[in-house]
Amino acid sequence: MDFQHCFALWPKLTPAQQQWVLDTLITRRVPRGTVVHQGGVECTGLVLLKSGQLRAFILSPEGREITLYRLFSMDLCLFSAACMMNSLQFTVTLQAEKDTELWIIPAEVYRDLMAVSPAAANYANEIMATRFTEVMWLMEQVMWKSMDKRVAAFLLEESAIEDSLQLHTTHETIANHLGTHREVVTRMLRYLQGEGLVRLSRGVVEILDPVRLRDYADQE
């Protein structure tokens, strides 16, 4: 799978613009745990995944994390190039959750490309709108969903991503995704275990009844 097939904008660029992008394209392979983009510190550029998985998150003033969204193969992150848009300052951090291969279009290259290509500008607006929709959905969850329902929903999301009912994760990791404290997650997981929905062991959360867990997560 090459860049040309993964980058949705490619067919809308002129041959000269395509060559310009290829000449400046950065290819990276990063191991799990690598911080690909440090929000507020650098302007990395547009990040496009070839394979692997990235987590986009923000930090509270107290240093607490909360996940905004995940990126998978052929997904693109524009917030890592937020500096190229004068009206947008978004300090998102990108970290590899798995060994990952990715491409980076430098921010200054894409900014210049938007100046000469309406298609590039429109594409950036579409990606930004999609990401803001995801962020607004997250805000609704934080504001209106109780933490036990959010933990249940997170476990189901992880199960779908990993295609497994056995999730190798820690209470601290779940807390970082949800923007809460480890002790809160531990209390919620023990409650779900008491309800017969999950089984807890060291470093593992096993979903015992995904149908009931879904019903529980969807309760108002």
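Residues numbered from 1 in each chain as written. Predicted model: local features only at pLDDT ≥ 70, side-chain atom pairs only at ≥ 80, totals over all residues. Heavy atoms only, no water.

## Description of the overall build of the chain
A count of helices and strands for the chain gives 8 helices and 11 strands. Along the first, second and third principal axes, the C-alpha set of the chain runs to 60 × 35 × 30 Å. Once local pairs closer than 6 in sequence are excluded, the contacts in the chain between residues at least 24 apart make up 70%. (Helix = DSSP H or I, 4+ residues; strand = E, 2+ residues; numbered from the N terminus. Contact = heavy atoms within 4.5 Å.)

## Re helix α3 (residues 107–116)
Within α3, burial applies to Ala107, Val109, Tyr110, Leu113 and Met114. Buried residues of α3, seen end-on, are gathered within an arc of 160 degrees and therefore sit on one face of the element. In this structure, α3 carries Ala115 and Val116 as exposed residues pointing more than 90 degrees from its buried face. (Buried < 20%, exposed > 50% of the residue type's maximum accessible area, 1.4 Å probe, protein only. Arc of directions from axis to C-beta.)

## Quick look at the side chain of Arg55
Here Arg55 lies in strand β4 (residues 54–59). With a relative accessible area of 5%, Arg55 lands in the buried category. Polar contacts involving the side chain of Arg55 include one to the side chain of Thr67, which spans 2.6 Å. Within the local environment of Arg55, its side chain forms a polar contact with the side chain of His177, the two groups lying 3.5 Å apart. With sequence-adjacent residues up to four places away left out, Arg55 is seen in contact with Glu65, Ile66, Thr67, Tyr69, Thr93, Leu94, Gln95, Glu97, Asn176 and His177. (Polar contact = N/O pair within 3.5 Å; in protein donor to acceptor, adjacent residues only side chain to side chain.)

## Topic: helix α8 (residues 210–218)
If you check which residues of α8 are buried, you get Leu213, Tyr216 and Ala217. Here the buried residues of α8 occupy an arc of 95 degrees about the axis, which is enough to place them on one side.

## Details of the packing of helix α2 (residues 15–24) against α3
It is at 11 Å that the axes of α2 and α3 come closest, and there the two elements cross at 175 degrees. The orientation of α2 with respect to α3, classified from their angle, is roughly antiparallel. Here Gln17, Trp20, Val21 and Thr24 of α2 come into contact with α3, specifically with Val109, Asp112, Leu113 and Val116. Residues of the contact of α2 with α3, tallied by class, amount to 5 nonpolar, 2 polar and 1 charged. (Axes fitted to C-alpha atoms, helices over the stretch in contact; angles between N-to-C directions. Parallel < 35°, antiparallel > 145°, perpendicular 65-115°, else oblique. Nonpolar A, V, L, I, M, F, W, Y, C, P; charged D, E, K, R; others polar.)

## Some remarks on the pairing of strand β5 (residues 65–71)
The buried fraction of β5 is high, at 7 of 7 residues. Pairing of β4 with β5, which is carried by 6 bridges, proceeds in the antiparallel orientation. Residue pairing across strands places Leu54 opposite Leu71, the latter belonging to β5. Here β4 folds back onto β5, and the loop between the two strands holds 5 residues, one of which, Gly63, carries a positive phi near 90 degrees. (Pairing = 2+ DSSP bridges.)

## Regarding the environment of Trp10
Residue position: Trp10 is located in the loop between α1 (3–6) and α2. Classification of Trp10 by relative accessible area gives buried; the value is 12%. Here the alpha-carbon distance between Trp10 and Ala120, two residues 110 residues apart in the chain, equals 9.4 Å. The residues touching Trp10, leaving out its near neighbours within four places in the chain, are Phe3, Gln4, Gln18 and Leu22.

## Quick look at a nonpolar patch on the surface
A grouping of Met136, Met139, Val142, Met143 and Trp144 is seen on the molecular surface, where their side chains present a nonpolar patch of about 570 Å² in accessible area. With respect to the helices and strands, Met139 occurs in helix α4 (residues 118–144). (Patch = residues over 30% accessible without salt bridge, like charges linked within 9 Å, V, L, I, M, F, W, Y side chains within 5 Å. Areas by Shrake-Rupley, 256 points an atom, 1.4 Å probe, with all protein chains shown as cover. Salt bridge = Lys/Arg side-chain N within 4 Å of Asp/Glu carboxyl O.)

## Quick word on the pairing of strand β7 (residues 93–96)
Looking down a regular strand, the side chains alternate between one sheet face and the other. The pairing of strand β2 (residues 35–37) with β7 spans 2 bridges and is antiparallel. Bridge pairing links Val35 to Gln95 in β7. As paired elements, β4 and β7 share 4 bridges and run antiparallel to each other. Counterpart to Leu54 in the pairing with β7 is Ala96.

## As for the sheet that holds strand β11 (residues 204–207)
What the 3 strands build is an open sheet, ordered β9-β11-β10; its pairing is antiparallel. Two strands in the sheet have a free side with no partner beyond their single neighbour: β9 (166–167) and β10 (198–201). With 4 bridges connecting them, β10 and β11 associate as antiparallel partners. Following the sheet pairing, Ser201 is matched in β11 by Val204.

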